[in-house]
Amino acid sequence: MVFQERTYAVLIVSASEKFTQAARALLPPTDYWPVENARSAGEARRRLLDTAYDLVLVQSPLRDEFGSRLAADICRSSGAGVLLMVKKELYDDVYAEVMADGVMVLPVPASAQTVSQTLRILCAARERLRRMEEKQATVEEKIEEIRLVNRAKWLLIEQLQMTEAEAHRYIEKQAMDLRLSRKEIAENIIRTY
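Presented here is an overview of the structure given in this document. (Residues numbered from 1 in each chain as written. Predicted model: local features only at pLDDT ≥ 70, side-chain atom pairs only at ≥ 80, totals over all residues. Heavy atoms only, no water.)

So, the side chain of serine 14
Part 1: Among the structural elements, serine 14 can be located in the loop between β1 (8-13) and α1 (17-25).
Part 2: Since its relative accessible area comes to 0%, serine 14 is described here as buried.
Part 3: Within polar-contact distance, the side chain of serine 14 engages the backbone nitrogen of serine 16 at 3.0 Å.
Part 4: Within the structure, serine 14 has its side chain in polar contact with the side chain of glutamine 59 (distance 2.6 Å).
Part 5: In this structure serine 14 touches Phe19, Thr20, Ala38, Arg39, Gln59 and Leu62, once residues within four positions along its chain are discounted. (Helix = DSSP H or I, 4+ residues; strand = E, 2+ residues; numbered from the N terminus. Buried < 20%, exposed > 50% of the residue type's maximum accessible area, 1.4 Å probe, protein only. Polar contact = N/O pair within 3.5 Å; in protein donor to acceptor, adjacent residues only side chain to side chain. Contact = heavy atoms within 4.5 Å.)

So, the pairing of β1
Part 1: Across the six residues of β1, six count as buried, placing the element largely inside the fold.
Part 2: The alternating pattern of β1 places Tyr8, Val10 and Ile12 and Ala9, Leu11 and Val13 on opposite faces, both of which are buried.
Part 3: Across five bridges, β1 lies against strand β2 (residues 32-38) in parallel orientation. Within the sheet, the bridge partner assigned to valine 13 lies in β2 and is alanine 38. (Pairing = 2+ DSSP bridges.)

Coordinates in, geometry out; function isn't part of it.
Okay, structure coming up:
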């Protein structure tokens, strides 16, 4: 891969040590680190509680379940890119089952080049999702600031008999004069009253 600032945390979920070693060979530490493995769906779920992974590779079947439910659950509950590898005969049925959840499915056997290309596609999708998560966090912060400022305005209206325009101007002026954010001024007003 081209030099990049970010590495991707990977979880390999497979009952087969041979598959795990082959997958690790496709994950250079310059691009993918840390790379951990789990041998069952239960173990994978426990690891996912403790660590946020960017990519999860699941080779079915697992010791305790087929693997499609695990893959779908991971996509629903996290931003990780998930690659589910299934026998060629099962590909169409499994793809139809998990596609709506965002799981990428590859039939096995698959060439190393195909797996590497799919991993790169998952990395690109993960970056796009990461940017969307950052935008969402920014929007949520702005909404929270608006709520706090409105709450502070109503306290000023109730406690100091200001009009809404006066309360708004007061918060804006305090923010400029004290070189604080409107959110910090609003929090101070809320604490005071």
